[in-house]
Amino acid sequence: MIIKKSKQRCTSHYHQGNCKCSSKKSSPCSYCDHDITIINNFNCYPPIPPTPPPPSQVLNVETSQYTALSDGVKTIYTNQDKEPQFSTSDILNPNDVSYINLFINGILQPPTIYNVQPGTLTLLVGPSEVPRNGVPIILQFIKIFSS
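- Within an unreviewed UniProt entry, the label attached to the protein chain reads DUF4183 domain-containing protein, and the organism entered is Virgibacillus dokdonensis.

Right, dumping it as structure tokens:
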């Protein structure tokens, strides 16, 4: 944001602060009654939607997920524990994906509380921190392809 001190002709139909033209008008007003004009890299009104990148710069992405339900006791989950109706993959090799996200009961978890190996998810938590019985455990796998 750049702030300039000058008397400027208002170019927007909506203004803030002590501007004389602070209400909606059909044409721009003559001058504001204060010396500060805020110039942004975007228009005030109407907002201009962001332009998507050209198609040649859009990357291909593939997502999949492993879903299990906690039993309230164990901290190690394998491919055999997955819920097939909610899963689109087994537990993938971390070296074959770009990102892995773990959600427990819909909450994104920090990578420091879990370890993923091919076919195995290990929760690195103490007995009192194990998710309650029936809580969903979702591993999201994201693969980003350069072309």
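There's plenty left to go through after this.
## Some details on the overall build of the protein chain
Part 1 of the argument: When helices and strands are tallied, the protein chain shows zero helices and nine strands.
Part 2 of the argument: Starting at the N terminus and walking to the C terminus, you meet the elements of the protein chain as β-β-β-β-β-β-β-β-β.
Part 3 of the argument: Per-residue burial for the protein chain yields a buried fraction of 23% across its 147 residues.
Part 4 of the argument: Counted over contacts in the protein chain with a minimum sequence separation of 6, partners at least 24 positions apart contribute 61%.
Part 5 of the argument: A total accessible area of about 10,500 Å² is found for the protein chain, and carbon and sulfur atoms account for 53% of it.

## Side note on the confidence of the model for the protein chain
Keep in mind that low pLDDT regions are not for reading the predicted coordinates in detail.
Part 1 of the argument: When pLDDT is averaged along the protein chain, the result is 79; 65% of the residues meet or exceed 70.
Part 2 of the argument: Below pLDDT 50 for its whole length, residues 1-8 participates in 26 contacts with residues either more than four positions away or in separate chains.
Part 3 of the argument: Confidence over residues 12-27 falls short of pLDDT 50; this stretch has 25 contacts with residues more than four positions distant or in other chains.

## Focus: the environment of L124
Part 1 of the argument: For L124, the location among the structural elements is in the loop between β8 (120-123) and β9 (136-145).
Part 2 of the argument: A relative accessible area of 49% means that L124 is categorised as partly exposed.
Part 3 of the argument: Setting aside residues up to four positions removed in sequence, L124 forms contacts with T112, I113, Y114 and N115.

## A word on unusual backbone geometry
The bulk of non-glycine residues show a negative phi, and the bulk of peptide bonds are trans.
Part 1 of the argument: In this structure, N105 is a non-glycine residue whose phi angle is positive, near 55°.
Part 2 of the argument: Within the secondary structure layout, N105 lies in the loop between β5 (99-104) and β6 (107-108).

## Observations regarding the sheet that holds β6
Part 1 of the argument: One open sheet holds the four strands; their spatial order is β3-β9-β5-β6, and the pairing between them is antiparallel. Only two strands of the sheet have a single partner each, and these edge strands are β3 (60-69) and β6.
Part 2 of the argument: Of the strand pairs in this sheet, β5 and β6 are connected by two bridges, and their pairing is antiparallel. Bridge pairing in β6 places F103 opposite L108.

## A closer look at the side chain of T67
Part 1 of the argument: Structurally, T67 is set in strand β3.
Part 2 of the argument: We classify T67 as buried; its relative accessible area is 4%.
Part 3 of the argument: A distance of 3.2 Å separates the side chain of T67 from the side chain of Q65, its partner in a polar contact.
Part 4 of the argument: Ignoring any residue separated from it by four or fewer positions in sequence, one finds T67 in contact with D81, K82, E83, F86, S87, I137 and I138.

Procedures and definitions
Residues numbered from 1 in each chain as written. Predicted model: local features only at pLDDT ≥ 70, side-chain atom pairs only at ≥ 80, totals over all residues. Heavy atoms only, no water. Helix = DSSP H or I, 4+ residues; strand = E, 2+ residues; numbered from the N terminus. Buried < 20%, exposed > 50% of the residue type's maximum accessible area, 1.4 Å probe, protein only. Contact = heavy atoms within 4.5 Å. Areas by Shrake-Rupley, 256 points an atom, 1.4 Å probe, with all protein chains shown as cover. pLDDT = per-residue confidence, 0-100. Pairing = 2+ DSSP bridges. Polar contact = N/O pair within 3.5 Å; in protein donor to acceptor, adjacent residues only side chain to side chain.

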